[in-house]
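A closer look at the structure
Below, each chain spelled out in residue letters.
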Amino acid sequence: MSSVIRVNLGPMSYDISVAAGNLDRLGSLVSSLKLGKKALLVSNPEIFAHYGQRAIASMENAGFQVSSVVLPAGEQYKTLSTVQSIYNSALEHRLERSSTMIALGGGVIGDMTGFAAATWLRGINVVQVPTSLLAMVDASIGGKTGVNHPQGKNLIGAFHQPRLVVIDPQVLTTLPAREFRAGMAEVIKYGVIWDKQLFERLEEADNLHSIDDLTGELLTEIIVRSCQSKADVVSKDEKESGLRAILNYGHTIGHAVESLTGYLELVHGEAVAIGMVAASQIAVKMQLWGNDGDRRQELLIKKAGLPIHLPQGLKIDEIIDILQTDKKVKDGQVRFILPREIGTVTISDRVPSQTIADVLATINN
Ligand SMILES: NC(=O)c1ccc[n+]([C@@H]2O[C@H](COP(=O)([O-])OP(=O)(O)OC[C@H]3O[C@@H](n4cnc5c(N)ncnc54)[C@H](O)[C@@H]3O)[C@@H](O)[C@H]2O)c1
Ligand SMILES: O=C(O)C(=O)C[C@@H](O)[C@H](O)[C@H](O)COP(=O)(O)O
Ligand SMILES: [Zn+2]
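Looking at an unreviewed UniProt entry, one finds the protein named 3-dehydroquinate synthase and attributed to Limnospira fusiformis PMC 851.14. Recorded in UniProt under Pathway (unreviewed entry), the annotation for the protein is "Metabolic intermediate biosynthesis; chorismate biosynthesis; chorismate from D-erythrose 4-phosphate and phosphoenolpyruvate: step 2/7." Of the comments in the UniProt record for the protein, the one headed Catalytic activity (unreviewed entry) reads "7-phospho-2-dehydro-3-deoxy-D-arabino-heptonate = 3-dehydroquinate + phosphate".

Bringing the site of ligand 1 into the picture now. The local shell around ligand 1 holds 25 residues, among which Asn44, Glu75, Ser132, Lys153 and Thr174 are the closest. Residue Lys153 places a side-chain N or O atom 2.7 Å away from an oxygen atom belonging to ligand 1. For ligand 1, an oxygen atom lies 3.1 Å from a polar atom in the side chain of Lys230. Burial of ligand 1 by the protein amounts to 91% of the accessible area it has alone, namely 860 Å². Secondary structure elements with two or more residues in the shell around ligand 1: helix H2 (45-61), helix H4 (107-119), helix H5 (133-139), strand E8 (152-159) and helix H6 (177-193). Looking at the shell around ligand 1 residue by residue, the class counts come to 8 nonpolar, 8 polar and 9 charged.

For the rest of this paragraph, the subject is H2. The end-to-end C-alpha distance of H2 is 23 Å, a good match for the 24 Å that 17 residues give at a rise of 1.5 Å each. Maximum bend of H2: about 60 degrees, positioned at Tyr51. Along H2, the residues that are buried comprise Ile47, Phe48, Tyr51, Gly52, Ala55, Ile56, Ser58 and Met59. The inward-facing, buried residues of H2 abut helix H1 (26-31), strand E3 (38-43), strand E4 (65-70) and strand E5 (100-105). One side-chain oxygen of the residue at the start of H2 lies 3.2 Å from the amide nitrogen of Glu46, identifying that residue as Asn44. Taken from the residues just after H2, Gly63 is the one with a positive phi, measuring 95 degrees.

It is worth spelling out the coordination of the zinc ion (ligand 3) at this point. Around a metal, the perfect tetrahedron of four donors has angles of 109.5 degrees, and the perfect octahedron of six donors has angles of 90 or 180 degrees. Only Glu186 (OE), His251 (NE2) and His268 (NE2) from the protein reach the zinc ion (ligand 3) as donors, at distances of 2.0 to 2.1 Å. Going along the chain, you hit the donors of the zinc ion (ligand 3) in the pattern E-x64-H-x16-H. With Glu186 in helix H6 and His268 in helix H10 (residues 268-285), the pair connects residues that are 82 residues apart, well separated along the chain. A residue is classified by how much of its surface remains accessible, and Glu186, at 1% relative accessible area, is buried.

So, how was this worked out
Residues numbered from 1 in each chain as written. Chains lettered and ligands numbered in written order. Predicted model: local features only at pLDDT ≥ 70, side-chain atom pairs only at ≥ 80, totals over all residues. Heavy atoms only, no water. UniProt positions renumbered as here; feature names shortened; annotations may be inferred. Near = heavy atom within 4 Å. Polar contact = N/O pair within 3.5 Å; in protein donor to acceptor, adjacent residues only side chain to side chain. Areas by Shrake-Rupley, 256 points an atom, 1.4 Å probe, with all protein chains shown as cover. Helix = DSSP H or I, 4+ residues; strand = E, 2+ residues; numbered from the N terminus. Nonpolar A, V, L, I, M, F, W, Y, C, P; charged D, E, K, R; others polar. Expected span 1.5 Å × (residues − 1). Bend = angle between axes of the 7 residues up to and from the residue. Buried < 20%, exposed > 50% of the residue type's maximum accessible area, 1.4 Å probe, protein only. Contact = heavy atoms within 4.5 Å. Donors = N, O, S within 2.8 Å, 3.2 Å for Na, K, Ca; no water.

Structure (structure tokens):
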């Protein structure tokens with residue numbers, strides 16, 4: 001099964017192509033964009049070892065001159081100094097304004113490559129080739145690019161849309177199970193914020209722990225529905241002036257927890273799962289939604305083997321403090337995305353600090 005989802009942004013519109021075997025079609029897919037002939041492939045050691053040569057061969061067969069740069073793996077390396085290595089490589093290989101950076105990897109590689117492309121020569125092309133479930137359903141789409149600051153997650157960045165997103169679900173066979181589960185957190189997010197039918201499809205599955213729990217058809221359906229949800233939202237509000245903030249469901253607390261644990265204890269999707277549990281309980285306390293929605297979400301999060309409690313050793317005051325660095329803060333008010341019913345959320349800047357503290361205490365280990 002193959003699908004093409006369109007992100008509609010006027011002249012900056014682009015396709016998300018989802019099909020088994022797409023990695024070997026990368027060159028011909030990029031060729032159809034009529035970009036310059038030089039390309040820089042950015043990856044990390046493990047992903048490059050699995051898929052780098054296939055991606056390069058496909059690009060070269062389509063007539064591109066391809067160079068590559070391999071960055072260290074891990075969220076702790078999503079920094080300006082790692083991006084510097086991409087700039088160095090772009091300089092060494094004389095990338096031009098018509099050239100293309102190819103991000104082959106998870107969200108960390110995607111965010112950094114996107115940011116390098118947004119800033120090199122004041123902006124060159126980027127094609128996203130996501131290899132983790134999380135990057136396929138979320139990070140590769142929508143043009144949020146950037147790196148972490150020591151004081152907070154994704155504080156440095158730019159909006160820079162890809163020219164194309166190329167998804168090959170077959171590469172998920174080598175993705176570690178923990179990373180698969182992390183991707184499921186963002187999938188569940190779409191079910192809660194936008195796509196009730198997706199939520200119900202997930203509820204029907206016996207297990208969501210690993211790729212082996214799903215048929216190939218269900219996996220593709222989950223990827224395509226998630227990409228469609230993100231494309232719908234981004235097409236309506238590219239730069240998060242309103243609606244797009246709903247994609248941040250679970251991220252207010254999630255980012256705080258990631259940042260406070262130095263990006264070493266939890267992966268992004270796990271932190272988002274904890275953040276969704278917190279946001280849901282806040283919504284229950286504020287009588288925005290009932291216990292049933294909260295229970296159904298928690299069941300799904302558990303079914304995906306994701307955490308529902310804060311990691312040990314975090315101080316609630318510190319979490320509340322760091323919420324002030326969240327990008328959604330407006331006039332000093334922390335904004336939360338809160339569920340109302342499965343498939344519908346609301347944005348609120350009226351969550352009392354005591355409610356946040358009470359909920360954090362409840363989910364503290
Ligand atoms: N820009 C956005 O809109 C957006 C959206 C969501 C998340 N993000 C960002 O994405 C990052 C998280 O992305 P992630 O979960 O992909 O983490 P990641 O990029 O760290 O990848 C997770 C791990 O899986 C490995 N991996 C990836 N694909 C593989 C494959 N096919 N086979 C074997 N190993 C593979 C990677 O090497 C890495 O060790 C965070 O920095 C988060 O902030 C950005
Ligand atoms: O695309 C968006 O918009 C999102 O919020 C998607 C999130 O899953 C993602 O983690 C994003 O990077 C968070 O954005 P930020 O602006 O809070 O850093
Ligand atoms: Zn996220």
